[in-house]
Amino acid sequence: MTKVLVSGFRGSMGTQACKMIETDPELELVAVYSPNLKTTDAADYGLPTDCKVFNQLADIQTDADVWVDFSTPTGAFENAKFALDHNMVPVIGTSGMTEAQVVELEKLAEQTNTKGLIVPNFGLSAVLLMQFAKQAAKYFPDAEIIEMHHADKKDAPSGTAINTAKMIVAGRESKGTEYPTVETLPGARGADYEGVHIHAVRLPGYVAHEEVLFGGQGEALTIRQDSFDRASFMHGLNIAIKNIQKLNGFEIGLENVL
Ligand SMILES: NC(=O)C1=CN([C@@H]2O[C@H](COP(=O)(O)OP(=O)(O)OC[C@H]3O[C@@H](n4cnc5c(N)ncnc54)[C@H](OP(=O)(O)O)[C@@H]3O)[C@@H](O)[C@H]2O)C=CC1
Ligand SMILES: O=C(O)C1=N[C@H](C(=O)O)C[C@H](O)C1
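Note that the coordinates shown come from a computational prediction; the quantities given were computed from them, not determined experimentally.

### What to know about the site of ligand 1
Then step 1. Close to ligand 1 lie 25 residues, the nearest being G8, G11, M13, S71 and G75.
Then step 2. Contributions of two or more residues to the shell around ligand 1 are made by α1 (12-23) and α2 (73-85).

Structure, rendered in C-alpha cells:
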C-alpha cells in the first residue's frame, strides 16, 4: 500500500487526483494540504475521516510516502523542499518552476538521499508527443510549438511546451535556421527557447493541447495531442505514484517511471 499526500487538493487537478487515489485499493490518501482553508475537518471536504487535512506547511505531520503536488508555480518549490526534507518522494505536476529552483531541488534530493519526479505532463498522448518530437528533430531541426490551454492557466508557456522544446533541442543534430523576420508587433514570433519558438494560446473551451510543427525542404510534419478532460492525466499519475522505486534520483518526465 502506497500512502499519498495531495497538495493543492481543492483545485481542478487535486480534486481528481484525490478521487483516483481513494478508488485505488493499492493507494491510500492519508493527508491533503492547501494553505487557504477555513477548517481542517476532512468531512468538510468530502474526504475519508482518517485523512488528515493541513492548511499550514509547518504543521504537516504524516506517514505519507509520496507528495503529489498540483498547486501553484510559487507554492510548488517550497512544497517540494518540505517533502524532500521530510522523507517523502515529491511527484510534482505543477508547472512554472524556474530552472534555478529545479537545480536546487535536484541538489537537495541528492543531499537527503531522496527521490523525486517532475512531470511536465501526465497525459500519455503528451508523453508520446514529446518522444516523437525528439525523434523528428534529428531530421527536422526547424520546429515551432503551439500550446493551447484553458483561460485560467496561470503560467505561459506551459511546462509541457518548455519540456518539448528541450527535447527538440536534445534530438537535433544541427541548430534550427534563424529567420531574419522583423516583428512589426512585438511578440509576434512567440517565445524563443534556443531557436524553438513557442506560441501560447489561452481561450475558454480549451483544456490542454499542443502542436509541434516541423518544416523541411518542400515538406512539413505536424504532431498534435489533445487532453479534452483532466481525467486524461490520472492514468499517468497513477503509474508515477506506483513506480517511484524506478527513479534513480530526482528526475524529469513520466518516461522515467514507465
Ligand atoms: N503535469 C500535468 O500533467 C498537469 C499539470 N497541471 C498543473 O498543475 C497545477 C495546478 O493546476 P489546476 O489544478 O488546474 O489549478 P487550480 O488553480 O485549479 O488549483 C490549484 C490549487 O492549489 C491551491 N494552492 C495555492 N497555493 C498553494 C500552495 N502553496 N500549496 C498547495 N496548494 C496551493 C489552490 O488553493 P486556493 O485556490 O485556495 O489558492 C488551488 O486549490 C498548475 O501548475 C498546472 O499547470 C495541470 C494539469 C496537468
Ligand atoms: O495548466 C494546465 O491545465 C496544464 N498544465 C501543464 C503544463 O503546463 O504543461 C500540463 C498540461 O498541459 C495541463
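### A short note on the UniProt feature "domain: Dihydrodipicolinate reductase C-terminal" (unreviewed entry) in the protein chain
Then step 1. Mapped onto this numbering, the UniProt entry annotates "domain: Dihydrodipicolinate reductase C-terminal" (unreviewed entry) at residues 126-258.
Then step 2. Segment residues 126-258 splits into 26% helix and 29% strand. End C-alpha atoms: 14 Å apart.

### A look at the sheet that holds strand β7 (residues 143-149)
Then step 1. Overall, mixed pairing links the five strands, which are arranged β8-β9-β7-β10-β11 in an open sheet. Only two strands of the sheet have a single neighbouring strand rather than two, namely β8 (191-193) and β11 (219-227). Between one strand and the next, the sheet's axes are offset by a mean angle of 20°, whatever the strand orientation.
Then step 2. With six bridges connecting them, β7 and strand β9 (residues 196-202) associate as parallel partners.

### Let's talk about helix α3 (residues 99-112)
Then step 1. Its 14 residues place the ends of α3 20 Å apart at the C-alpha level, agreeing with the 20 Å of an ideal helix rising 1.5 Å per residue.
Then step 2. A positive backbone phi angle near 55° is found at N113, which sits one or two residues after α3.

### Structural notes on the packing of α2 against α3
Then step 1. Orientation of α2 relative to α3, taken along the N-to-C sense of each, is 5°, at an axis distance of 10 Å. Taken together, the axes of α2 and α3 are roughly parallel relative to one another. Where α2 approaches α3, its residues F77, A80, K81, L84 and D85 are matched on the opposing element by Q101, L105, L108, A109 and T112.
Then step 2. Residues of the contact of α2 with α3, tallied by class, amount to six nonpolar, two polar and two charged.

### Quick look at the site of ligand 2
Then step 1. As a structural note, the neighbourhood of ligand 2 is formed by S95, P120, N121, H149, K153, S158, G159, T160 and A208.
Then step 2. When grouped by side-chain class, the residues that make up the shell around ligand 2 number two nonpolar, six polar and one charged.

### A short note on the domain arrangement of the protein chain
Then step 1. Each assigned domain of the protein chain is listed here: domain 1 (2-118 + 231-257) and domain 2 (124-227).
Then step 2. Inter-centroid distance (C-alpha atoms) of domain 1 to domain 2 is 28 Å.
Then step 3. Residue-level contacts link 10 residues of domain 1 with seven residues of domain 2.

### What about the sheet that holds strand β5 (residues 89-92)?
Then step 1. Pairing is parallel in the open sheet, where seven strands are placed in the order β3-β2-β1-β4-β5-β6-β12. For this open sheet the edge positions go to β3 (52-54) and β12 (250-252), each flanked by a neighbour on one side alone. Shown here is a sheet whose adjacent strand axes are inclined to one another by a mean of 20°, direction ignored.

### Concerning the environment of D41
Then step 1. Inspection of the secondary structure assignment puts D41 in the loop between β2 (27-33) and β3.
Then step 2. With 11 C-beta atoms counted inside 10 Å, the residue D41 sits in the exposed group.

### A look at the pairing of strand β1 (residues 2-7)
Each regular strand displays side chains that alternate between the two surfaces of the sheet.
Then step 1. Relative to β2, β1 runs parallel, the two sharing six bridges. By the bridge assignment for β2, T2 is matched with L27.
Then step 2. As for the winding sense of the linkage, the β-α-β connection from β1 through α1 to β2 is right-handed.
Then step 3. Sheet topology note: the β1/strand β4 (residues 66-69) ladder contains four bridges and is parallel. Paired with L5 across the bridge in β4 is W67.

Conventions used here
- Residues numbered from 1 in each chain as written.
- Chains lettered and ligands numbered in written order.
- Predicted model: local features only at pLDDT ≥ 70, side-chain atom pairs only at ≥ 80, totals over all residues.
- Near = placed C-beta within 6 Å.
- Helix = DSSP H or I, 4+ residues; strand = E, 2+ residues; numbered from the N terminus.
- UniProt positions renumbered as here; feature names shortened; annotations may be inferred.
- Pairing = 2+ DSSP bridges.
- Axes fitted to C-alpha atoms, helices over the stretch in contact; angles between N-to-C directions.
- Expected span 1.5 Å × (residues − 1).
- Parallel < 35°, antiparallel > 145°, perpendicular 65-115°, else oblique.
- Contact = placed C-beta atoms within 7 Å.
- Nonpolar A, V, L, I, M, F, W, Y, C, P; charged D, E, K, R; others polar.
- Domains from an automatic or database assignment.
- Buried ≥ 20, exposed ≤ 12 C-beta atoms within 10 Å, placed from the backbone.
- Right-handed = clockwise from strand over helix to strand, strands pointing away.

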